[in-house]
Each structure stands twice: as structure tokens, then as C-alpha cells.
Amino acid sequence: MSEVIEKQIGSMVEPLIKEKGLELVAVEYLKEGAHWYLRLYIDKEGGVDMDDCSAISHVVSEMLDQKNPIPQAYMLEVSSPGLERPLKKEEDFVRFRGSMVMVHTTSSFKGFKKFSGNLIGLINDEIVLEYNDEHIAIPYNLVKKAHLALDF
């Protein structure tokens, strides 16, 4: 159910966010303890600030209040995706080529469920990483989560 709501909210709010010159990076709808949270992660060239988050929160909140697409009470949070930005869209895998990334799979692949390396790209429905001068091609349909990784 959460994935359906995330997709629905994403398609509703993305035009509003783009109109403000920002990018919708991800939508999360999840329950933590007794409360439901709707989290929107936004970004722009040079990063977002509190004013960006506040403006988007206000506009999105008004629209969601009018359309009421979520039946139960929830808390809306709008923030930056942070240093470990999730990679979800095909464009993300182009934009962040050469960056250090972490990929988590839904099941074991080549004996592992976590992979890190420099991102080569998304090629033929596989996330291709370079690690120790070798390429690892992880089928996209096995990916649970992919995100930028801090490189120390």
C-alpha cells in the first residue's frame, strides 16, 4: 500500500516542485511507531535550504489538504536528500556517474546483498559498478536501494 501512495503522491506533487525550480528526488510513506510520515526529498543545483523546504511544504500541504489522497492522519516532512542521496531515476545513474555508490539487493547476488563501488551507469537494466578494477553488473530488478556513499 505504501508504494502505491508514494507513486500517487509523487505524480501529484512533482509538477508543483518542478514549477519552483526544484527536483523531487524521492517520496516515502511509512509508519514509525504510532505515526505515519509522508517524506518528500527535494534537491536543486547547489543544494536546497530551509526556505526551499518550507515553500514546498506549504504548497504541497495545501494541495494535499484539498485532494485528500491519504485516508489516515500523517506528518508531512520536506527535506534535502542528504549526502547519501538515493538513486531512483534513470537520470540519477547518468548524473552521478563516477561517484561512489552503495547498492543493496533484495536477495543474495553473487553471494552478497550489499555492493559498493564507483558508478559506471545503468546499462541494459543493470547497475554497473567498478570495484578493485573489476566491473560488477547488478540486475536492476534485484535492487532494493541504491544511494550515494560517502568516500573517505
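To keep things clear, this report deals only with the structure shown in the data block. Just so we're clear, the structure is a prediction, and the values are computed from it rather than from any experiment. (Residues numbered from 1 in each chain as written. Predicted model: local features only at pLDDT ≥ 70, side-chain atom pairs only at ≥ 80, totals over all residues. Heavy atoms only, no water.)

## Things to note about the pattern of salt bridges
Counted according to the given criterion, the structure contains 10 salt bridges. For the salt bridge of Glu14 with Lys89, the shortest nitrogen-to-oxygen distance reads 3.9 Å. Here Glu14, found in helix H1 (residues 2-19), pairs with Lys89, found in the loop between strand S3 (75-79) and helix H3 (90-95); they are 75 residues apart in sequence, far enough to count as distant. The exposure class of Glu14 is partly exposed, given its relative accessible area of 25%. One salt bridge in this structure joins Glu23 and Lys89, with 3.7 Å as the shortest N-O distance. With Glu23 in strand S1 (residues 23-32) and Lys89 in the loop between S3 and H3, the pair connects residues that are 66 residues apart, well separated along the chain. A residue is classified by how much of its surface remains accessible, and Lys89, at 21% relative accessible area, is partly exposed. The network of salt bridges with shared partners includes Glu14, Glu23, Asp43, Arg85, Lys89, Asp92 and Arg95. (Salt bridge = Lys/Arg side-chain N within 4 Å of Asp/Glu carboxyl O. Helix = DSSP H or I, 4+ residues; strand = E, 2+ residues; numbered from the N terminus. Buried < 20%, exposed > 50% of the residue type's maximum accessible area, 1.4 Å probe, protein only.)

## Some thoughts on the sheet that holds strand S5 (residues 112-123)
The antiparallel open sheet is built from 5 strands, whose spatial order is S7-S6-S5-S4-S8. Single-partner strands in this sheet number two, and they are strand S7 (134-139) and strand S8 (143-148). Adjacent strand axes in the sheet meet at a mean angle of 40 degrees, parallel and antiparallel pairs treated alike. Of the pairings in the sheet, the one linking strand S6 (residues 126-131) to S7 comprises 6 bridges and is antiparallel in character. For Val128, the partnering residue across the bridge sits in S7 and is Ala137. (Pairing = 2+ DSSP bridges. Axes fitted to C-alpha atoms, helices over the stretch in contact; angles between N-to-C directions.)

## Remarks on the nonpolar core
Within the largest apolar cluster, 20 residues are counted, with the highest numbers of intra-cluster contacts made by Ile9, Val13, Leu40 and Ile42. Going through the elements one at a time, H1, S1, strand S2 (35-43) and helix H2 (50-67) are the ones with two or more residues in this core. If we skip the residues at most four places from it in the chain, Leu40 touches Ile9, Val13, Leu24, Ala26, Val27, Val60, Leu76, Glu77, Val78 and Ser79. Residues Phe93, Phe96, Val103 and Ile127 belong to the second largest nonpolar core, which totals 15 residues. (Core = buried A, V, L, I, M, F, W, Y, C linked by side-chain atoms within 4.5 Å. Contact = heavy atoms within 4.5 Å.)

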